[in-house]
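Letter by letter, the chains look like this.
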Amino acid sequence: MDVNIWEKRWLNNDIGFHEAEPNPNLINYLTNLNLTTGSRIFVPLCGKTADIRWLLSNGFRVAGIELVELAVDQLFSDNGMKPAVTSIGKLKRFSDRNIDIFVGDVFDLTNETLGAVDGVYDRGALVAIPPDKRASYAAHLTQITRHAPQLVITCDYDHRKIKGSPFPVSGDEMQDCYGKAYQMALAERAEIPGGLKGISPAHSDVWVLRENCHDDVRPQSEIALTRPFDSTDSGF
């Protein structure tokens with residue numbers, strides 16, 4: 001990922017991907033990860049998402065990583081927090097009560113630096129990773145989180161009509177990225193009203209990923225899911 005491009009977008013407030021309110025998919029489907037109060041949830045490429053505020057207010061601890069430091073500054077200031085900042089190798093860590101956000105390249109984050117996490121919430125990371133780096137990202141995320149269960153939100157559309165992120169991620173690509181490590185369930189597929197950026201018809205997918213036990217592998221249809229998705233807000 002080109003840090004200069006993303007820094008420029010944050011400096012120019014060109015952040016149409018940012019949602020002012022928590023994403024309905026998170027609220028509706030997080031229960032499927034079977035987490036308890038106090039669980040630590042990793043949010044990759046987190047920006048200043050309002051989802052973090054929701055997680056904290058619902059008793060979860062949060063870890064995240066973001067490429068652009070300005071986004072992390074705004075995350076803490078918007079939520080009235082004054083973080084302690086430390087340098088760890090190529091990364092910086094911004095910490096306050098129940099929250100640790102790392103600034104830097106996600107590929108520089110190790111499981112030792114991240115620490116133990118109980119779940120992963122990926123609303124905007126996989127779709128922001130260029131397709132040629134997607135498999136490497138998925139393998140790295142699986143490794144640093146030690147196969148923690150994931151709630152992943154993607155979108156799919158005709159890539160010939162729109163260039164750049166959010167990149168389309170098909171079901172087959174999700175299977176390629178995570179199928180060996182996880183049992184996968186497509187919780188919901190919903191059309192994006194008006195299409196993506198008003199240009200291309202598109203749909204959003206909500207995926208629940210649970211560690212693959214190998215000796216008792218269940219097909220996607222056998223993974224029980226709860227709390228239906230509100231398709232009025234796709235998250236894109």
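Structure first, text after, so check above.
Residues numbered from 1 in each chain as written. Predicted model: local features only at pLDDT ≥ 70, side-chain atom pairs only at ≥ 80, totals over all residues. Heavy atoms only, no water.

(A) Focus on the pattern of salt bridges. On inspection of all chains with the given rule, the structure shows six salt bridges. Residue Lys48 is joined to Asp78 by a salt bridge in which the shortest nitrogen-to-oxygen separation is 3.7 Å. One end of the pair, Lys48, is in the loop between β1 (40-44) and α3 (50-57); the other, Asp78, is in helix α4 (residues 69-78), and 30 residues separate them in sequence. By relative accessible area, which is 52% here, Asp78 ends up exposed. With its nearest N and O atoms 2.9 Å apart, the salt bridge here joins Asp158 to Arg160. (Salt bridge = Lys/Arg side-chain N within 4 Å of Asp/Glu carboxyl O. Helix = DSSP H or I, 4+ residues; strand = E, 2+ residues; numbered from the N terminus. Buried < 20%, exposed > 50% of the residue type's maximum accessible area, 1.4 Å probe, protein only.)

(B) Inspection of the sheet that holds strand β8 (residues 182-191) at higher detail. Spatially, the nine strands line up as an open sheet ordered β3-β4-β5-β2-β1-β6-β7-β9-β8, and their pairing is mixed. Of all the strands in the sheet, just β3 (84-88) and β8 have a single pairing partner and so form its edges. Across this sheet, the average inter-strand angle for adjacent strands is 20°, counted without regard to direction. Direction of pairing for β8 relative to strand β9 (residues 202-211): antiparallel, over a ladder of nine bridges. Bridge pairing in β9 links Ala185 to Val208. (Pairing = 2+ DSSP bridges. Axes fitted to C-alpha atoms, helices over the stretch in contact; angles between N-to-C directions.)

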